[in-house]
Amino acid sequence: MPKRVDHEERRAQIAEALIQVAGRRGLHAVGMRDVAAEAGVSLRLVQYYFETKERLLFYGLRHLTDRFTARVSARLAAAGPDPGPRATVEALLLASLPTDEESRTFHLLYSSYAILSVTDEALAAQPFIDNPDAAENALAGLLEQAQRAGLADPDTDARTEAISLLAMAATMGTSILVGQRSPEAATAVLHHHLDRIFATARASEAGAGSN
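For the structure given in this document, a descriptive report is provided here. Model, not experiment: these values are computed from the prediction.

**Here we look at the environment of Ala37**
Step number 1: Note that Ala37 resides in helix α2 (residues 32-39).
Step number 2: For Ala37, a relative accessible area of 61% puts it in the exposed group.
Step number 3: For the pair Ala37 and Ile14, spaced 23 residues apart in sequence, the C-alpha to C-alpha distance is 9.9 Å.

Structure, rendered in structure tokens:
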């Protein structure tokens, strides 16, 4: 009896091959034939599932985002059953820093997708991601949650801080890739700004201890 083909599994296999070869050569230099060779399948099969390189790239972005989500979830699981808003914010930000091979590939390719979405008409015709404000909304919500719980400075604007933290993480990631600073130095900068945002909780604890 012939083996039943899992089409989603096959698409994921091809998307993973795209990520691997693009991580080594750069997204702009990858063709469908390169992806087929990396996946160990025929070019015809890649074309059957994706038809064009643009469709393959867009599916690859979704696959890359899914991998990032899994990475964040793993960090949160390691933080315990109830990590709290600060640990959750840290998990989101630090997972995007290129501190190992997987996160390096994520940062490199995600940046490449952003640039291609501006210059490639086929990609520009589609949304870069389903919800471009998802990370910003998530961070702003976590900071607002921390403010309500008395864990963060109530006078800061949560939305502005979320935008600033995401921009900082993206810039720090690029500085790591080009060798400007080490992952440890970039992480220290992010922790410095999180300490500022969450300073109210530490001040309250100090005040309670002196009474």
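The structure having been displayed, the exposition proceeds.
**Observations regarding the packing of helix α8 (residues 134-148) against helix α9 (residues 158-177)**
Step number 1: For the pair α8 and α9, interaxial distance at closest approach is 8 Å and the crossing angle is 130°. Taken as axis vectors, α8 and α9 run oblique relative to one another. In terms of crossing hand, the pair formed by α8 and α9 is right-handed. Between α8 and α9, the contacting residues are Ala135, Glu136, Asn137, Leu139, Ala140, Leu143, Glu144 and Gln147 on the first element and Ala158, Arg159, Glu161, Ala162, Ile163, Leu165 and Leu166 on the second.
Step number 2: Classifying every residue of the contact of α8 with α9 gives 9 nonpolar, 2 polar and 4 charged.

**A few points about the packing of aromatic side chains**
Step number 1: Summed over the entire model, instances satisfying the criterion amount to 4 aromatic pairs.
Step number 2: Aromatic pair Tyr48 and Tyr49: ring centres 5.0 Å apart, planes at 80°, arrangement edge-to-face.
Step number 3: With a relative accessible area of 56%, Tyr48 lands in the exposed category.
Step number 4: Ring pairs connect the aromatic residues Phe68, Phe106 and Tyr110, which therefore count as one cluster.

Procedures and definitions
Residues numbered from 1 in each chain as written. Predicted model: local features only at pLDDT ≥ 70, side-chain atom pairs only at ≥ 80, totals over all residues. Heavy atoms only, no water. Helix = DSSP H or I, 4+ residues; strand = E, 2+ residues; numbered from the N terminus. Buried < 20%, exposed > 50% of the residue type's maximum accessible area, 1.4 Å probe, protein only. Axes fitted to C-alpha atoms, helices over the stretch in contact; angles between N-to-C directions. Parallel < 35°, antiparallel > 145°, perpendicular 65-115°, else oblique. Left-handed = near helix turned anticlockwise from the far one by under 90°. Contact = heavy atoms within 4.5 Å. Nonpolar A, V, L, I, M, F, W, Y, C, P; charged D, E, K, R; others polar. Phe/Tyr/Trp six-rings, centres within 6.5 Å; stacked < 30°, edge-to-face > 60°.

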